[in-house]
Amino acid sequence: MIDLAYTGKADEKTIKDSFADVLRGLFAEDPDVIYLDADLMNSMGTYKLSKEFPDRCIDCGIQEANMVGVAAGASALGKKPYVHTFGPFAGRRCYDQVFISVGYAKNNVRIIGSDAGVTAAYNGGTHMPFEDIALYRAIPEAMIIDVTDQTQFDAAIRQTKDRPGVTYIRCPRKNCTKVYGPGTEFEFGKANVLREGSDCAVIACGIMVAEALKAAELLEAEGIHIVVIDAVTVKPLDTETVLSYAKSCKAIVTAENATVIGGLGSAVCECVADSCPTIVKRVGVQDLYGEVGDVGYLKERFGLTAETIGAKVKEAIRAKEGR
């Protein structure tokens, strides 16, 4: 069941404010759950939790590759590790360890990459992960969840506790626009259709889901009715839902807070090219490095806005009509 709570306003609770509470509940439920961090517990709101549970929370220091190796070893001994660091370090810096020590070795580790995409804001270009989705898509059998809001984040942390293999959860740390109410039941691996329409389907993930819902409101005022779909997991992609709307709408726009090279847009293009050739336009970062700025500026800078989605929808509709 989807409890749609979108009003365009921010969540009352930030992701970093909820993370410790979710972990605390998992600690109580399962003695094998442990948490590893790369000297960012203060940044992710888990410092007090580490004082509460010093034997369950391990600060590995600024050694992300080593941290993933420790988590892989703990998994091999039957533990259920959750690992956190900023997104660029969860992707670029420890990719070999994730690929080999976790994925190839059949260990089970949940990796949280925070400050995804433009939400890195003033941490700047070096800390702005646009490429992490593309990297994790290349790991066999990995799951990638690009978190939409705090409700979805909490569910992702809880529901992946016993998932085998590599699980990558990318998220903002601070406020994001509220999309889901507390009654929402998520099935990870299955997309959520949040709004119906017939002119074009917008498939979004992460913070771009709220932008897609805003775009739907703007377009409706012009007589254009779009489907809004939260992909929920970029991998595995819910190909059944994608193909269903490719056939009914005959035009798709994808939207992601990441590079368009190898991300959600690429996954959707691959899906429809194989089974149902369809017009696809992509909203995302266009082969660029990140930069310093507030999130509002960065969304405009990289075209991650409702207005950009709306313009791409109109392009897709014109293309399907042969105009």
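To start, this report covers the structure provided alongside it. Just so it is clear, the structure is predicted and the values come from calculations on it, not from any experiment. (Residues numbered from 1 in each chain as written. Predicted model: local features only at pLDDT ≥ 70, side-chain atom pairs only at ≥ 80, totals over all residues. Heavy atoms only, no water.)

**Re helix H10 (residues 239-249)**
(1) Moving on: Considered for burial, the residues of H10 that qualify are Thr 241, Val 242, Leu 243, Tyr 245, Ala 246 and Cys 249.
(2) Moving on: Positioned one or two residues after H10, Lys 250 has a phi angle of 60 degrees, which is positive. (Buried < 20%, exposed > 50% of the residue type's maximum accessible area, 1.4 Å probe, protein only. Helix = DSSP H or I, 4+ residues; strand = E, 2+ residues; numbered from the N terminus.)

**With respect to the environment of Ala 90**
(1) Moving on: Tracing the chain through its elements places Ala 90 in helix H5 (residues 87-93).
(2) Moving on: We classify Ala 90 as buried; its relative accessible area is 0%.
(3) Moving on: Here the alpha-carbon distance between Ala 90 and Asp 132, two residues 42 residues apart in the chain, equals 7.9 Å.

**Quick word on the packing of aromatic side chains**
(1) Moving on: According to the stated counting rule, one finds nine aromatic pairs in the structure shown.
(2) Moving on: Their ring planes at 20 degrees and their centres at 5.8 Å tell us that Phe 186 and Phe 188 sit as a pair that is stacked.
(3) Moving on: With relative accessibility at 7%, the residue Phe 186 sits in the buried group.
(4) Moving on: One aromatic cluster is present, formed by Phe 19, Tyr 35 and Phe 153 through successive ring pairs.
(5) Moving on: In this structure, Arg 110 packs its charged tip against the face of Tyr 82, placed 5.1 Å from the ring centre. (Phe/Tyr/Trp six-rings, centres within 6.5 Å; stacked < 30°, edge-to-face > 60°. Lys NZ or Arg CZ within 6 Å of the ring centre and 35° of its normal.)

**Remarks on the sheet that holds strand S8 (residues 200-204)**
(1) Moving on: Ordered in space as S7-S9-S8-S11-S12, the five strands form an open sheet in which the pairing is mixed. The open sheet terminates on both sides in strands that have one partner only, identified here as strand S7 (192-195) and strand S12 (279-285). Recorded for the sheet is a direction-independent mean angle of 25 degrees between the axes of neighbouring strands.
(2) Moving on: Note: S8 against strand S9 (residues 226-230), five bridges, orientation parallel. Its bridge partner being in S9, Ala 201 is matched across the sheet by Val 227. (Pairing = 2+ DSSP bridges. Axes fitted to C-alpha atoms, helices over the stretch in contact; angles between N-to-C directions.)

**With respect to the environment of Lys 80**
(1) Moving on: Following the sequence through the fold, Lys 80 ends up in strand S3 (residues 80-86).
(2) Moving on: On the basis of relative accessibility, which here comes to 19%, the residue Lys 80 falls in the buried class.
(3) Moving on: Along the chain, Lys 80 and Ile 34 lie 46 residues apart, while their C-alpha atoms are 6.1 Å from each other.
(4) Moving on: Residues in contact with Lys 80, not counting those within four places in the same chain, are Asp 30, Asp 32, Val 33, Ile 34, Arg 110, Lys 161 and Asp 162.
(5) Moving on: Looking at Lys 80, its side chain comes within polar contact range of the side chain of Asp 30, at 2.6 Å. (Contact = heavy atoms within 4.5 Å. Polar contact = N/O pair within 3.5 Å; in protein donor to acceptor, adjacent residues only side chain to side chain.)

**Overview of the pattern of salt bridges**
(1) Moving on: Under the definition given, this model contains 23 salt bridges.
(2) Moving on: Here Lys 13 ties to Asp 21 by a salt bridge, and the two come within 3.2 Å at their closest N and O atoms.
(3) Moving on: For Lys 13, a relative accessible area of 33% translates into the label partly exposed.
(4) Moving on: Across the pair Asp 32 and Lys 79 runs a salt bridge, and its minimum N-O distance is 3.7 Å. Taken together, the positions of Asp 32 in the loop between helix H1 (15-29) and strand S1 (33-37) and Lys 79 in the loop between helix H4 (64-76) and S3 put the pair 47 residues apart, joining distant regions of the chain.
(5) Moving on: Lys 79 sits in the partly exposed class, given a relative accessible area of 33%.
(6) Moving on: Linked through salt bridges whose partners overlap, the residues forming this network are Glu 29, Asp 30, Lys 80, Lys 161 and Asp 162. (Salt bridge = Lys/Arg side-chain N within 4 Å of Asp/Glu carboxyl O.)

**Topic: the sheet that holds strand S5 (residues 143-146)**
(1) Moving on: With respect to topology, seven strands assemble into an open sheet ordered S2-S1-S3-S4-S6-S5-S10, the strand pairing being mixed. The sheet is open, and its two borders are formed by strand S2 (57-59) and strand S10 (233-235), each paired with just one other strand. Taking each pair of neighbouring strands and ignoring which way they run, the sheet shows an average axis angle of 20 degrees.
(2) Moving on: For S5 and S10, the ladder comprises two bridges, and the chain directions are antiparallel. From the neighbouring strand, Ile 145 faces S10, where its bridge partner is Thr 233.
(3) Moving on: Strand contacts of H1: S1, S2, S3, strand S4 (109-114) and strand S6 (166-171), with the helix running at about 145 degrees to S1, the strand carrying the most contacts.
(4) Moving on: Its contacts with the sheet put H4 on S1, S3 and S4, and the angle it makes with S3 is roughly 170 degrees.

**Some details on unusual backbone geometry**
(1) Moving on: Here the bond from Lys 235 into Pro 236 is cis, since omega is -5 degrees, no more than 30 degrees from zero.
(2) Moving on: Here Pro 236 shows up in the loop between S10 and H10.
(3) Moving on: Phi is positive for Ala 121, which is not a glycine, with a value near 50 degrees.
(4) Moving on: Its location among the elements puts Ala 121 in the loop between S4 and helix H7 (132-137).
(5) Moving on: By relative accessible area, which is 12% here, Ala 121 ends up buried.
(6) Moving on: Positioned with a positive phi, Lys 250 is a non-glycine residue whose angle comes to about 60 degrees.
(7) Moving on: Its place among the elements puts Lys 250 in the loop between H10 and strand S11 (251-259).
(8) Moving on: Since its relative accessible area comes to 51%, Lys 250 is described here as exposed.

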